[in-house]
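Descriptive structure summary
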Number of protein chains: 2
Amino acid sequence: MSATSSVTATPGHAFASVFGRVAPHMAQLDVFLRGQLEAFEPEIRAMADYCIDTSGKRIRPALVFFSGWRGPAAIAPDLVRIAAVVELVHLATLVHDDIMDGAEVRRSRRTAAREYGSTAAVLLGDALFAHALNLATQFPTTEVCSAVSESTRRVCAGEIVQTLRRGSTNVTRADYQRVIDLKTAELFRVSCHLGARYGGFAPAFVEAAGRFGRHLGIAYQIYDDLADFFGEEKRIGKTLGTDLASGKLTLPLLVLMERLPAADRAELTAEILGERPSQLALHLRQMDELDVFGAVAAAVQAEIAAAQAALAPHASEPPAPLLLGLCDVLQAQVTALRA
Amino acid sequence: MSATSSVTATPGHAFASVFGRVAPHMAQLDVFLRGQLEAFEPEIRAMADYCIDTSGKRIRPALVFFSGWRGPAAIAPDLVRIAAVVELVHLATLVHDDIMDGAEVRRSRRTAAREYGSTAAVLLGDALFAHALNLATQFPTTEVCSAVSESTRRVCAGEIVQTLRRGSTNVTRADYQRVIDLKTAELFRVSCHLGARYGGFAPAFVEAAGRFGRHLGIAYQIYDDLADFFGEEKRIGKTLGTDLASGKLTLPLLVLMERLPAADRAELTAEILGERPSQLALHLRQMDELDVFGAVAAAVQAEIAAAQAALAPHASEPPAPLLLGLCDVLQAQVTALRA
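Note that this is a predicted model, so its numbers are computed, not measured.

A word on the packing of helix H3 (residues 59-67) of chain B against helix H4 (residues 77-101) of chain B. All names here are of chain B. Running from N to C, H3 and H4 point in directions that differ by 155°, and their axes come no closer than 8 Å. One finds that H3 runs roughly antiparallel with respect to H4. For the crossing formed where H3 meets H4, the hand is right-handed. When H3 is examined against H4, the residues Arg60, Pro61, Val64 and Phe65 are found in contact with a partner set consisting of Leu79, Val80, Ile82, Ala83, Val86, Glu87 and His90. Its residues assigned to classes, the contact of H3 with H4 comprises eight nonpolar, one polar and two charged.

Our next topic: the relation of the copies chain A and chain B. Aligned on chain B, chain A shows an RMSD of 0.0 Å; the corresponding rotation is 180° and the shift along the axis is 0.0 Å. Expressed as an axis order, the relation between the two copies is that of a two-fold axis. No C-alpha of chain A lies nearer the rotation axis than that of A:Thr142, which sits 2.6 Å from it. Most of the interface of chain A is mirrored in chain B, where 100% of its interface residues are also at the interface.

This paragraph deals with the interface of chain A and chain B. If you look at the interface, chain A gives 43 residues, while chain B gives 43 residues. Summing both sides of the interface, chain A and chain B together bury roughly 3700 Å²; the carbon and sulfur share of this comes to 70%. At the boundary of chain A and chain B, one finds six salt bridges. Notably, a salt bridge pairs B:Arg153 with A:Glu41, separated by 3.2 Å at the nearest N-O pair.

Between its first and last C-alpha, helix H9 (residues 203-230) of chain A extends 40 Å over 28 residues, near the 40 Å set by a 1.5 Å rise per residue. The buried fraction of H9(A) is high, at 23 of 28 residues.

Turning our attention to the state of the cysteines. Enumeration according to the criterion identifies zero disulfides over all chains in this entry. Here B:Cys51 is not disulfide-linked; the sulfur of A:Cys156 is the nearest cysteine sulfur, at 13 Å.

Turning our attention to the packing of helix H9 (residues 203-230) of chain B against helix H15 (residues 292-311) of chain B. Residue and element names in this part refer to chain B. The N-to-C vectors of H9 and H15 enclose an angle of 165°; their axes lie 7 Å apart at closest approach. The angle between H9 and H15 falls in the class roughly antiparallel. The chirality of how H9 crosses H15 is left-handed. Its residues assigned to classes, the contact of H9 with H15 shows 21 nonpolar, one polar and two charged.

The full count for this structure, using the stated rule, is 34 salt bridges over all chains. For the salt bridge of B:Arg154 with A:Glu41, the shortest nitrogen-to-oxygen distance reads 3.7 Å. One end of the pair, B:Arg154, is in helix H7 (residues 143-165); the other, A:Glu41, is in the loop between helix H1 (23-36) and helix H2 (42-51), on a second chain. In the salt-bridge network here, residues are joined through shared partners; they are A:Glu41, B:Glu150, B:Arg153, B:Arg154, B:Glu186 and B:Arg189.

A separate point is the environment of B:Lys248. Position of B:Lys248 among the secondary structure elements: in the loop between helix H11 (242-245) and helix H12 (251-259). Measuring from C-alpha to C-alpha, the distance between B:Lys248 and B:Ala302 comes to 23 Å, with 54 residues separating the pair along the chain.

Turning next to the side chain of A:Asp126. Turning to its location among the elements, A:Asp126 is positioned in helix H6 (residues 118-135). No salt bridge is formed by the buried A:Asp126; the nearest opposite charge belongs to B:Arg153, separated by 13 Å. Excluding residues that lie within four positions of it along the chain, A:Asp126 makes contacts with A:His96, B:His96, B:Asp126, B:Phe129 and B:Cys156.

What counts, and where the lines are drawn
- Residues numbered from 1 in each chain as written.
- Chains lettered and ligands numbered in written order.
- Predicted model: local features only at pLDDT ≥ 70, side-chain atom pairs only at ≥ 80, totals over all residues.
- Heavy atoms only, no water.
- Axes fitted to C-alpha atoms, helices over the stretch in contact; angles between N-to-C directions.
- Helix = DSSP H or I, 4+ residues; strand = E, 2+ residues; numbered from the N terminus.
- Parallel < 35°, antiparallel > 145°, perpendicular 65-115°, else oblique.
- Left-handed = near helix turned anticlockwise from the far one by under 90°.
- Contact = heavy atoms within 4.5 Å.
- Nonpolar A, V, L, I, M, F, W, Y, C, P; charged D, E, K, R; others polar.
- Least-squares fit on C-alpha atoms with pLDDT ≥ 70 in both.
- Buried area = accessible area lost by both parts, 1.4 Å probe.
- Salt bridge = Lys/Arg side-chain N within 4 Å of Asp/Glu carboxyl O.
- Expected span 1.5 Å × (residues − 1).
- Buried < 20%, exposed > 50% of the residue type's maximum accessible area, 1.4 Å probe, protein only.
- Disulfide = S-S within 2.5 Å.
- Lys, Arg positive; Asp, Glu negative; His and termini not counted.

The structure is reproduced here in structure tokens:
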């Protein structure tokens, strides 16, 4: 259900170009994740294997590796384990998302829900969650498990609010910001925080990395929501206008609502409420006329700026250039939506 | 989906009579659980509150308190926290079970799935899981979180196997035993293990308590499956024969299968496969004729004996009489099914 997950059908993605630096880390992560299958009960091992698919974007693991970056030579086992934890949590949410969305295909394969039935998929997602948190206890202290379990609860809270709000037009920008802060930015934040922490950096940098991750996560989600209206279907890998069709009031629609004359706004409201079919072509025209793209791109820009500002006092730390590179790529992706 | 959960509609239950000893502990547990609501995001607090309902059986918390028993005077805060962890994990599985079963009512109230929709209920169960494991990190070491997250994964594995096996007749007694060992006995085991551990008992007793819990859990589940055919609907609080109707091959049906002549067995097989409507009345008669009750009651008895044997070398430890009391009650309950 999270918009974050809905671009996964595309072979490339926003950040792929800068992930080359951590390609050996990603390879180790894959080996590590495959090794985890042994921990699952034999009866569900093949199902867990099906979910631990290697073709994902692996954005959160990259954030862990970037934030803990000490140079290309060393790959700290702790970082690989943390990357596995956050990725497993993310995979578990995807398994549950696909059930709830009734999605049949993800990453060109049948979803777990389609493959094993939704009942088994609910339980399989639970088992992935449980194993992620079990892995998180394989550190000397409770710190990782505590941080990740809290983040997981916040991700769920964000998705619950988003779910209950579908088809409602009583949504403010602050409501929207709160949901994406929870459902997307939280796991970005904890990935950066734990990466920096177990990369051995000083508390001030750890805190800054967490703040960076949070703003990057918000920026990424707004970009993703923008791409739902302005993307090129083939490149983005999803059908345009799905948020409108499902009654999900994302920022582009919120801005359009604000800028439409009252009569047009009433029509759009009726569509969100599901009282009449959605008129995507009309609203894309209206968005062009009212420069919705500019307003939403500015919101992405503001979050990118906040992310950059978080790292500004730490420019000399090894992770800083890598993390800031993600901001540049995201900015370029936003621009490319209008190209 | 677990049979354990399906008797919850009844006001009394098998163990209620011996829980009086830990009534003050249960009261503290309730206060503690209510206090946890603060930890949930404000947007989902009311939903979490709805799930943390005080009228449950609280069997797993009782196992924690009994296994850590040092006398009536002291209620160790650690035990209250562990009891809350295992109960929250159990509640999360119930929330997910009710979605998958399409259950509308539990404990005389609408299920979370019915109240908030199944999408929100999947996420709410996830949030309860996440919070349970977060609570488990509030100990000096990772031990509790590690044990509980592993148990949770095993519970899910058991339920997945049971789910995928519905409507299949290719099930052995060993298959049945394995599923209930995972889905029910595992959380009983970890409750007793952690109770004894944080009650400050020696490793030998901690290990014995875990073994006791496991066998008690298996015994309890077999009893529960027996009650599906031999219980009194009003007292048991569920409709008889639901396992047959849902194609779930529990021990009473397995024994009946073994003992039926080939032709009758073929008919029963067709019913399990969903190829013809189930004939509960006929099978209840057959069960009587072939003494299925006796065979299943003997299986319960064997597990109770194993549970008792685990504690035999530790009879002088304060928890032993309390835990053994549970065996006596369960035995009486089995006998009462035929009364």
